[in-house]
Amino acid sequence: SNVTTMGSMFGRCESLSTLRTRFNTQNVKSMNGMFNSCTALTSNELWYTIRYFDTSKVESMNGMFEGWKGFGLDISELELNSVKSMDGMFQNSTVNNIRINATGLGSSINFDYMFSGCSNLQDIYVTGVTDWRSKASSSTSMFSGCTNLYNYSSSNVSISKAYSNESGGYFTVY
């Protein structure tokens with residue numbers, strides 16, 4: 001496939017509830033806003049689709065799940081080694097927990113507003129790279145409004161808390 005961007009492909013598809021398709025994503029570099037505000041798409045439907053994505057060349061996932069209205073989100077099958085920006089990736093979603101495999105997570109990544117406004121978020125399960133502090137180029141308000149995270153403090157909403165909650169951070173290591 002020659003497709004290099006899937007930005008806003010399903011963005012604002014508020015009545016989309018079924019998506020059992022395998023896309024050829026091997027050359028995709030941008031998934032910005034791909035599932036933005038897909039409020040009817042369930043965790044299972046979303047997981048069924050994204051678990052087959054080849055994200056090895058994806059550089060930008062800005063707002064990919066912004067405003068999504070699901071309970072839990074497992075993106076542990078996605079490769080993050082080429083990603084340079086996750087700005088607002090989950091911003092204002094109602095997600096309760098997120099599972100991320102950060103093995104191969106690069107450096108100089110924009111994490112601005114990544115989880116901002118996720119007031120229901122209780123757990124960010126991370127494996128692979130479990131301390132992201134050295135990975136950020138920017139992390140403005142990364143955790144702003146995530147009031148249900150363990151150890152949450154409104155004075156610590158940037159990358160300074162992107163590590164294991166056993167040591168005082170916001171991540172749960174799995």
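Residues numbered from 1 in each chain as written. Predicted model: local features only at pLDDT ≥ 70, side-chain atom pairs only at ≥ 80, totals over all residues. Heavy atoms only, no water.

Here the focus is the overall build of the chain. Across its full length, the chain holds 1 helix and 6 strands. In summary, the chain has a C-alpha radius of gyration of 15 Å against a globular reference of 16 Å for 174 residues, a match within 12%. Taking the principal axes of the C-alpha coordinates as reference, the chain spans close to 45 × 30 × 25 Å. When each of the 174 residues of the chain is scored for burial, the buried share is 47%. Within the structure as shown, the chain displays about 7400 Å² of accessible surface, and the carbon and sulfur contribution to it stands at 41%. Where the 12 positive side-chain charges of the chain centre and where its 13 negative ones centre are 2 Å apart. (Helix = DSSP H or I, 4+ residues; strand = E, 2+ residues; numbered from the N terminus. Rg over C-alpha atoms; globule rule 2.2 N^0.38 Å. Buried < 20%, exposed > 50% of the residue type's maximum accessible area, 1.4 Å probe, protein only. Areas by Shrake-Rupley, 256 points an atom, 1.4 Å probe, with all protein chains shown as cover. Lys, Arg positive; Asp, Glu negative; His and termini not counted. Charge placed at Lys NZ, Arg CZ, Asp CG, Glu CD.)

Okay, the packing of aromatic side chains next. In the structure shown here, the tally under the stated rule is 12 aromatic pairs. For the pair Phe-23 and Phe-53, a centre-to-centre distance of 6.4 Å together with 65° between the ring planes defines the contact as edge-to-face. Of this pair, Phe-23 sits in the segment before helix H1 (43-50) while Phe-53 sits in the loop between H1 and strand E1 (72-74); the two residues are 30 residues apart in sequence, bridging distant segments of the chain. Summarising the aromatic geometry, the rings of Phe-111 and Trp-132 are spaced 5.2 Å apart at their centres and angled 20° between planes, so their arrangement reads as stacked. Highlighted residues: Phe-111 in the loop between strand E3 (109-110) and strand E4 (123-127) and Trp-132 in the loop between E4 and strand E5 (136-138), separated in sequence by 21 residues. Using a relative accessible area of 0% as the deciding quantity, one classes Phe-111 as buried. Taking relative accessible area as the criterion, Trp-132 reaches 0% and is therefore assigned buried. (Phe/Tyr/Trp six-rings, centres within 6.5 Å; stacked < 30°, edge-to-face > 60°.)

Our next topic: the side chain of Ser-30. Turning to its location among the elements, Ser-30 is positioned in the segment before H1. Apart from residues lying up to four places away in sequence, Ser-30 is in contact with Thr-4, Thr-5, Met-6, Gly-7 and Ser-60. (Contact = heavy atoms within 4.5 Å.)

Moving on, we get to the pattern of salt bridges. This model, assessed by the stated rule, comprises 2 salt bridges. Among the ionic pairs, Lys-29 bridges to Glu-59, the shortest N-O distance being 3.9 Å. Within this pair, whereas Lys-29 is found in the segment before H1, its partner Glu-59 is found in the loop between H1 and E1, the two being separated by 30 residues in sequence. For Arg-133, the salt bridge identified is with Asp-131, shortest N-O distance 2.6 Å. Given a relative accessible area of 39%, Arg-133 falls into the partly exposed group. On the basis of relative accessible area, Asp-131 is assigned to the partly exposed category, the value being 30%. (Salt bridge = Lys/Arg side-chain N within 4 Å of Asp/Glu carboxyl O.)

In this structure, E1 lies alongside strand E2 (residues 97-101), joined through 3 bridges in parallel fashion. Looking at E2, one finds that Leu-73 is bridged to Ile-98. (Pairing = 2+ DSSP bridges.)

Turning our eyes to something else, we now look at the sheet that holds E1. In spatial order, the strands read E1-E2-E4-E6; together these 4 strands make up an open sheet with parallel pairing. Single-partner strands in this sheet number two, and they are E1 and strand E6 (171-173). For this sheet, the mean inter-axis angle between neighbouring strands, taken without regard to orientation, is 20°. Relative to E6, E4 is paired through 3 bridges, and the arrangement is parallel. By the bridge assignment, Val-126 is partnered in E6 with Val-173. (Axes fitted to C-alpha atoms, helices over the stretch in contact; angles between N-to-C directions.)

The alternating pattern of E4 places Ile-124 and Val-126 on a buried face and Asp-123, Tyr-125 and Thr-127 on a face that is not buried. Judged from the 5 bridges that link them, E2 and E4 form a sheet pairing that is parallel. Bridge assignment links Ile-100 to a residue of E4, and that residue is Val-126.

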